Amino acid sequence: QNALRVNSEYVEALLDYGMMCWNRWRMADADRKQESDKNRAATMLRKAVDIIVQSKQHHARAYSKLALWLDIVEHDAEKATKYFKLAADHDLKNADHQFNYASHLEEQKEYDEVGKRYQATIRLDPTHAAALSNYATLLHSHFLDKEGAERFHHRAVKAAPRDPDVCLNYAVFLEETKGNFTWAKDMYDRAIAAKPADPQVYLTVADFYLRRRRDLGKCMELHKLALRKDPDYIPALLSYARFLEIERKDMKNAALYYQRAMTAEGGRPEHEAEALGAAGKFMSEKMNDKPQAEEAFKRAMQRGTPSAELVSQYATFLHADGNTAGAEKLFADAFSGNPANRYEMRLAAARYFEDEAEDLESASANCREAIKLNANDVRGIAQYAGLLEKHHKDYILSDKYYRQAIKMDPNHFDAMLGYASFLVNVRKNPDSAEHYLKLCLKRNPNEVGPLSAYARFLKTHRHDPAGALAHFRRASEQAKDDPDLHLELADFLIDDYPTYREFKKGRFDTAISLAEEHYVQAVQCAPRETTYMVALANFLAEQKRPKDAQVLLQQALTLAPDDAEALGAHAVLCEDKLKDFGAAEESYLSAIRADPRNAALLFNAAIFFKDKQKDYDKAEEYFQRAVDEAPHDPEINKAFGKFLIKCRQNRNLGAKYLKAAMTAGVRGEAGKEEAEDSSSSGEYETDSDDSETGSLMSERAPAKGKKGEKEKEDEGQNKKARLQKMVAKAKAEKAEKGGKDKTGKDCVVM
């Protein structure tokens, strides 16, 4: 031990040799890596630290090198933390040791200690560019200090104007916070020039060109350059797979790259888990291969501590498969896992319970737990404000939380959009709501959430279809992969702006042509989702193209033979357009078997059996079932009442349902008179046998001759309304609970 105390050169030699072996192994090509170099590096670094420990001395450099090895190669964050701390605490005058410890703590999300260590680094070395840049990012992302962040970014760039990481951090700040895309592009280009061999740099720049420039060619080129630098780099394989899936709609090649990401070796466990989770989601949602998707998710969960995103993906998959207990157990197990990950896990659970399970009480409970863990994160505050509004109806507290979230981060779009919706729907203050919407657009004119929310606001509250269309189109340009946005734009054109006409690119764009374009894009964005096929088929049927509509519905039913929505739309198409009543009856019955409590389906079937098949027994059965499922629906009550009076001569019972329709507040003056005339003899009766001998029997039943043209026209309009009602109901339910587009932004419905 005495010899070791005086022979510190031996420890330095071990460290130098270990680092040489590590660098030789790290920098070698994949086919030339020697496992012996890796083993020798680990042995030398551990031996150096063992000697220090046995001699009861301290050696900050030895601690630091072993900590880096444990963190980067062995991915043992807990042991790495121990040695990073030893290095920093036993050499308080070394800026690099302080910086390494701060960077590691930041990965563990221990932000309070991170800030202190970065400040210590900068005090020791005021020109430490990496510390200045990381501290600037921390100030902006966690402490919401935009001015301080900009000041430290400037110091970092001044200290190292060509450092790739410094340039990347500043570019992201310029892009997302300042909205200065020109300067951001210059910084991204500097980063590539400074670090041309790093695939992650190419991915970051590719994302910029995709989101801000919509330059798909440049984005693809940068992905290929990243993969050329490292063909097995999992983040590059995943990013390119998503690009092919979402932007190019190339599912075949996307599946190949997801597969490559799943089988790539040598990556970090968190990268492997992310690849498996993304592949599982792709196989479940796009390829409909549930067994393989579940296998991918299970493998992902075994790769170290699962992330909140992975747990959320797997829980969503299990919920869609009907295993809600398994989904809830995933979150329960995750809560007892890594404490550093507990806040993100609570937020993910809150989103799952709100969006997927529709259990708003559990969502609220998880939000409260998240806020207890971190009261300075605007995401939890904003989500809880929405739950207070929608679920608890505590508008005073909801208002308080919305204001607190906006005060914490004036650039947080979800908080401002949620508050704008609150001001419109609860406070009935559209002027203040418009102020917040315009503020969002001023800070980022190309953000999808504010654009679509303001379009809805202009449509509903300002009755400005031209302005709404302009904002809808800008939003759809920014989120070309969002089928719901394309569908909403198409429906808006048909329902709210049918007079649209514009000369563009040598031809006239009309509401019909533009709507068809966006219906088609919705189907292309989600080729295995039948909802969008049904919407396009309904549109084609209304445009007198029933054969095209039939082909599309047959494709939908091939994908999902028991889809009630597609079966119902096919039944209406066969009934109204193709006049194939046999096929219509078969589709109605199949649709009702698939969804026996769907009031709209039951209602349509009742009308079909009454008008086309003249089977009044079945018509009455389906009318009664429709009323049982939707007892306050004025249209169903009115139709059932008329049916009982005209076809069953049961005037008293019919008058009861007509009165129910009138009570719902939808009937006009003519409907009121009809109900009053039907009930002029006295009180309403509910027994059909008694009504046969009632005083109203003196009136003659309507003749069963050919219907007048006006009645036919009214019936056709009602049928169209019922056909669209099934799709509109599903969209309204999704919008009411605050669905998300694929960019991750809340789709706020004004």
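(A) Spotlight on the overall build of the protein. Scanning the protein from N- to C-terminus turns up 40 helices and two strands. Carbon and sulfur atoms form 48% of the exposed surface of the protein, whose accessible area is close to 36300 Å².

(B) Representation of the pattern of salt bridges in the model. If you walk through the whole model with that rule in mind, you get 37 salt bridges. Among the ionic pairs, Lys372 bridges to Glu369, the shortest N-O distance being 3.5 Å. Of this pair, Lys372 and Glu369 both sit in helix H21 (residues 360–373), three residues apart, which is roughly one turn of that helix. In this structure Lys372 comes out as exposed when scored by relative accessible area, which is 67%. The shortest N-O distance in the salt bridge between Arg456 and Glu488 comes to 2.6 Å. Of the two residues, Arg456 sits in helix H26 (residues 448–461) while Glu488 sits in helix H28 (residues 483–496), which places them 32 residues apart along the sequence.

(C) Region of interest: the environment of Phe413. Counting through the fold element by element, Phe413 comes out in helix H24 (residues 413–425). Take Phe413: its relative accessible area is 11%, and that puts it in the buried class. Between the C-alpha atoms of Phe413 and Glu447, which are 34 residues apart in sequence, the distance is 8.8 Å. Here Phe413 is in contact with Cys440, Asn444, Glu447 and Pro450, once residues within four sequence places are set aside.

(D) Structural detail: the side chain of His153. Along the polypeptide, His153 turns up in helix H9 (residues 146–159). The contacts of His153, once residues within four sequence positions are left out, are Ser133, Ala136, Thr137, Asn169, Tyr170 and Phe173.

(E) Examining the packing of helix H20 (residues 342–355) against helix H22 (residues 378–392) more closely. It is the contact of H20 with H22, at a shortest axis distance of 11 Å, that shows an interaxial angle of 30 degrees. With respect to each other, H20 and H22 are oriented roughly parallel. Every pair of crossing elements has a handedness; the one defined by H20 and H22 is left-handed. Contacts between H20 and H22 involve Tyr343, Glu344, Leu347, Ala350, Arg351 and Glu354 from the first element and Arg379, Gly380, Gln383, Leu387 and Lys390 from the second. Among the residues forming the contact of H20 with H22, the class breakdown is four nonpolar, two polar and five charged.

(F) Focus on H20. Its 14 residues give H20 an end-to-end C-alpha distance of 20 Å, which sits within 8% of 20 Å, the value for a rise of 1.5 Å per residue. Counting buried positions along H20 yields twelve of 14 residues, so the element is predominantly enclosed. Taken as a whole, H20 has its buried residues at Tyr343, Glu344, Met345, Arg346, Leu347, Ala348, Ala349, Ala350, Tyr352, Phe353, Glu354 and Asp355. Elements that come into contact with the buried residues of H20 comprise helix H18 (308–320), helix H19 (324–335), H21 and H22.

(G) Fine view of the packing of helix H13 (residues 216–229) against helix H14 (residues 234–246). Across the interface, H13 lies against H14 with an axial gap of 10 Å and an inter-helix angle of 155 degrees. One way to sum up the angle between H13 and H14 is to call them roughly antiparallel. At the point where H13 passes H14, the crossing takes the left-handed sense. Every residue of H14 that contacts H13 at Leu216, Cys219, Met220, His223, Lys224, Ala226 and Leu227 is listed here: Ala236, Leu237, Ser239, Tyr240, Phe243 and Leu244. Its residues assigned to classes, the contact of H13 with H14 shows ten nonpolar, two polar and one charged.

(H) Focus on the environment of Ile52. Positionally, Ile52 belongs in helix H3 (residues 35–54). The class of Ile52 is buried, set by a relative accessible area of 4%. In this structure, the C-alpha to C-alpha distance between Ile52 and Ala62, residues ten residues apart in sequence, is 8.3 Å.

(I) Fine view of the environment of Ala626. Relative to the assigned elements, Ala626 resides in helix H35 (residues 616–629). Taking the C-alpha atoms as reference points, Ala626 and Asn604, 22 residues apart in sequence, are found 9.2 Å from one another. Not counting chain neighbours up to four residues away, the residues in contact with Ala626 comprise Ala599, Leu602, Phe603 and Ile636.

(J) Representation of unusual backbone geometry. At Lys393, a position not held by glycine, the phi torsion is positive, near 55 degrees. Overall, the relative accessible area of 51% leaves Lys393 in the exposed class. Backbone geometry places His463, a non-glycine residue, at a positive phi of 50 degrees.

(K) Layout of a positive patch on the surface. A cluster of like positive charges, contributed by Lys224, Arg228, Lys229 and Arg248, occupies part of the molecular surface. Looking at the secondary structure, you find Lys224 in helix H13. The partly exposed category is assigned to Lys224, whose relative accessible area is 41%.

(L) Seen up close, the confidence of the model for the protein. Averaged over all residues, the pLDDT of the protein equals 83, while 87% of them reach at least 70. Across residues 666–750 the pLDDT falls below 50, and counting only partners more than four positions away or on other chains, this stretch makes 134 contacts in the model.

(M) Molecular detail of the packing of aromatic side chains. Summed over the entire model, instances satisfying the criterion amount to 39 aromatic pairs. Judged by centre distance (5.7 Å) and plane angle (50 degrees), the ring pair of Tyr402 and Phe422 falls under tilted. Here Tyr402, found in helix H23 (residues 395–408), pairs with Phe422, found in helix H24; they are 20 residues apart in sequence, far enough to count as distant. Exposure remark for Phe422: the relative accessible area of 0% places this residue in the buried category. An angle of 15 degrees between the planes, with centres 6.1 Å apart, marks the rings of Tyr454 and Phe457 as stacked. Separated by three residues within a single helix, Tyr454 and Phe457 lie in helix H26, roughly one turn from each other. Both residues of the pair, Tyr454 and Phe457, count as buried. Three or more aromatic residues joined by ring pairs form one cluster here, namely Phe603, Tyr616, Phe623, Phe640, Phe643 and Tyr657. One residue, Lys218, lies across the ring of Tyr209, its end atom 5.7 Å from the ring centre. One cation-aromatic arrangement involves Lys656 over Tyr657; the distance from NZ or CZ to the ring centre is 5.4 Å.

(N) Quick peek at H23. The end-to-end C-alpha distance of H23 is 20 Å, a good match for the 20 Å that 14 residues give at a rise of 1.5 Å each. Looking at H23, one finds that the buried residues are Ser398, Asp399, Tyr401, Tyr402, Ala405, Ile406 and Met408. The elements touched by buried residues of H23 are H21, H22, H24 and helix H25 (430–443).

Procedures and definitions
Residues numbered from 1 in each chain as written. Predicted model: local features only at pLDDT ≥ 70, side-chain atom pairs only at ≥ 80, totals over all residues. Heavy atoms only, no water. Helix = DSSP H or I, 4+ residues; strand = E, 2+ residues; numbered from the N terminus. Areas by Shrake-Rupley, 256 points an atom, 1.4 Å probe, with all protein chains shown as cover. Salt bridge = Lys/Arg side-chain N within 4 Å of Asp/Glu carboxyl O. Buried < 20%, exposed > 50% of the residue type's maximum accessible area, 1.4 Å probe, protein only. Contact = heavy atoms within 4.5 Å. Axes fitted to C-alpha atoms, helices over the stretch in contact; angles between N-to-C directions. Parallel < 35°, antiparallel > 145°, perpendicular 65-115°, else oblique. Left-handed = near helix turned anticlockwise from the far one by under 90°. Nonpolar A, V, L, I, M, F, W, Y, C, P; charged D, E, K, R; others polar. Expected span 1.5 Å × (residues − 1). Patch = residues over 30% accessible without salt bridge, like charges linked within 9 Å, V, L, I, M, F, W, Y side chains within 5 Å. Lys, Arg positive; Asp, Glu negative; His and termini not counted. Charge placed at Lys NZ, Arg CZ, Asp CG, Glu CD. pLDDT = per-residue confidence, 0-100. Phe/Tyr/Trp six-rings, centres within 6.5 Å; stacked < 30°, edge-to-face > 60°. Lys NZ or Arg CZ within 6 Å of the ring centre and 35° of its normal.

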